[in-house]
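# Inside the fold
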Amino acid sequence: MTERFDCHHCSETLFGRKYIWKEENPYCVDCFETLYANNCEECKQPIGCDCKDLSYKDRHWHETCFHCSQCKNSLVDKPFAAKEDQLLCTECYSNEYSSKCHECRKTIMPGTRKMEYKGSSWHETCFTCYRCQQPIGTKSFIPKDDQNFCVPCYEKQYAMQCVQCKKPITTGGVTYREQPWHKECFVCTACKKQLSGQRFTSRDEFAYCLGCFCDLYAKKCAGCTNPISGIGGTKYISFEERQWHNDCFNCKKCSLSLVGRGFLTERDDILCPDCGKDI
């Protein structure tokens with residue numbers, strides 16, 4: 001007696017019929033498709049044994065149903081993108097979702113290099129200097145009136161020239177006597193220390209730090225012999241070609257301050273009236 005060879009599910013004989021093995025058990029085509037076939041995402045019909053099953057992220061399609069959701073062109077063996085459960089060819093995806101070039105207004109295709117600045121995007125070849133029209137690429141640039149300039153073109157067209165070194169001032173700078181200077185060029189005439197952000201004064205139109213100015217030009221106090229700068233509201237007393245700091249204008253004997261008081265002199269000394277009454 002011939003051994004039986006039946007479908008594992010419906011028990012119908014499989015002799016002379018097409019069948020599929022699944023987990024070491026034979027199934028007729030109808031039972032296999034009912035139990036195991038995936039349903040197509042597009043047409044919702046089972047993907048039969050005689051059809052190619054295309055899958056993407058646990059979703060399945062008939063080969064003929066695997067197409068772009070917008071233009072309906074086949075995506076079989078072609079690159080595609082997914083957006084909100086829809087499959088799109090690269091052209092439709094780019095037209096719908098990719099950035100548009102700020103210059104030429106065309107789509108910037110996925111995978112191509114683009115330049116971005118302040119929320120706008122450019123093709124690499126479209127991101128050019130407004131003056132020389134050469135691509136800027138990854139080089140430094142300077143924006144001006146909604147236009148972008150490479151550094152050399154910006155310097156030629158807009159940058160002020162330092163009165164000291166005659167080179168363009170591209171960042172920062174100092175204005176002194178209505179003339180522009182690089183910060184590193186604006187220095188003390190004597191010691192060459194940078195004056196930007198520091199207190200300074202001038203003599204004969206030359207700038208000096210306070211230390212150099214006092215050493216070179218300030219009068220010396222007759223009391224402490226230190227310079228009297230006269231800068232920043234410093235108060236001093238002057239008498240017969242001699243000067244004193246306010247704090248140094250004191251009686252030689254009792255040290256009483258003589259600011260605003262009468263005083264007497266004895267040779268190079270100054271005395272209050274009480275100490276000088278015996279002179």
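Since the model is a prediction, treat every value here as computed from it, not as a measurement. (Residues numbered from 1 in each chain as written. Predicted model: local features only at pLDDT ≥ 70, side-chain atom pairs only at ≥ 80, totals over all residues. Heavy atoms only, no water.)

## Let's talk about the nonpolar core
By size, the foremost hydrophobic cluster in this structure holds 14 residues, and its most contacted members are Trp 181, Phe 186, Cys 188 and Leu 195. Counting only elements with at least two residues in this core, the list comes to strand E13 (174-176), strand E16 (206-209) and helix H4 (210-217). Beyond its immediate sequence surroundings of up to four residues, Trp 181 is in contact with Cys 162, Val 163, Gln 164, Ile 169, Gly 173, Val 174, Tyr 176 and Phe 186. (Core = buried A, V, L, I, M, F, W, Y, C linked by side-chain atoms within 4.5 Å. Buried < 20%, exposed > 50% of the residue type's maximum accessible area, 1.4 Å probe, protein only. Helix = DSSP H or I, 4+ residues; strand = E, 2+ residues; numbered from the N terminus. Contact = heavy atoms within 4.5 Å.)

## Structural notes on the UniProt feature "domain: LIM zinc-binding" (unreviewed entry) in the chain
Cross-referencing UniProt, the feature "domain: LIM zinc-binding" (unreviewed entry) maps to residues 38-98, 99-160 and 219-279 in the present numbering. The span residues 38-98 is 13% helix and 26% strand, and its two end C-alpha atoms sit 33 Å from each other. (UniProt positions renumbered as here; feature names shortened; annotations may be inferred.)

## Points about helix H1 (residues 29-36)
Owing to its 3.6 residues per turn, the α-helix brings residues three or four apart onto one side. Of all the residues in H1, the buried ones are Val 29, Cys 31 and Phe 32. Buried residues of H1, seen end-on, are gathered within an arc of 165° and therefore sit on one face of the element. For H1, the exposed residues set more than 90 degrees away from the buried face come down to Asp 30 and Thr 34. The secondary structure elements touched by the buried residues of H1 are strand E1 (19-22) and strand E2 (25-28). (Arc of directions from axis to C-beta.)

## Quick notes on the environment of Glu 124
Relative to the helices and strands, Glu 124 is located in the loop between strand E8 (120-123) and strand E9 (141-144). Separated by 12 residues in sequence, Glu 124 and Thr 112 place their C-alpha atoms 8.7 Å apart. Those residues within four positions of Glu 124 in sequence are excluded, and the remaining contacts are Arg 113, Met 115 and Pro 135. One polar contact links Glu 124 to Arg 113, side chain to side chain, over a distance of 3.5 Å. (Polar contact = N/O pair within 3.5 Å; in protein donor to acceptor, adjacent residues only side chain to side chain.)

## Quick notes on the pattern of salt bridges
A full pass over the atoms with the stated rule returns four salt bridges. Measuring nitrogen to oxygen at the nearest pair gives 3.7 Å for the salt bridge that ties Arg 59 to Glu 41. Highlighted residues: Arg 59 in strand E4 (residues 59-62) and Glu 41 in the loop between H1 and strand E3 (53-56), separated in sequence by 18 residues. Overall, Arg 59 belongs to the buried group, its relative accessible area being 17%. For Glu 41, a relative accessible area of 31% corresponds to the partly exposed category. (Salt bridge = Lys/Arg side-chain N within 4 Å of Asp/Glu carboxyl O.)

## Examining unusual backbone geometry
Although it is not a glycine, Arg 105 sits at a positive phi angle of roughly 65°. Structurally, Arg 105 can be placed in the loop between helix H2 (90-97) and strand E7 (114-117). The backbone of Lys 166 shows a phi angle near 70°, a positive value even though the residue is not glycine. Within the secondary structure, Lys 166 is located in the loop between strand E11 (160-161) and strand E12 (168-169). Using a relative accessible area of 56% as the deciding quantity, one classes Lys 166 as exposed.

## Re the packing of aromatic side chains
If you walk through the whole model with that rule in mind, you get 25 aromatic pairs. Each ring, one from Tyr 56 and one from Phe 80, has its centre 5.2 Å from the other, and the planes form 80°; the classification is edge-to-face. Residue Tyr 56 is found in strand E3, and its partner Phe 80 is found in strand E5 (residues 80-83); the two are separated by 24 residues along the sequence. Residue classification places Tyr 56 among the partly exposed residues on the basis of a relative accessible area of 23%. A relative accessible area of 28% places Phe 80 in the partly exposed class. For the ring pair Phe 66 and Phe 80, a centre distance of 5.5 Å and an interplane angle of 90° mean the geometry is edge-to-face. You can see Phe 66 sitting in the loop between E4 and E5 and its partner Phe 80 sitting in strand E5, a full 14 residues away along the chain. Through successive ring pairs, a cluster of aromatic residues spans Phe 5, Phe 15, Tyr 19 and Trp 21. Of note, Lys 22 hangs over the ring of Tyr 36, and the distance from its end group to the ring centre comes to 5.0 Å. (Phe/Tyr/Trp six-rings, centres within 6.5 Å; stacked < 30°, edge-to-face > 60°. Lys NZ or Arg CZ within 6 Å of the ring centre and 35° of its normal.)

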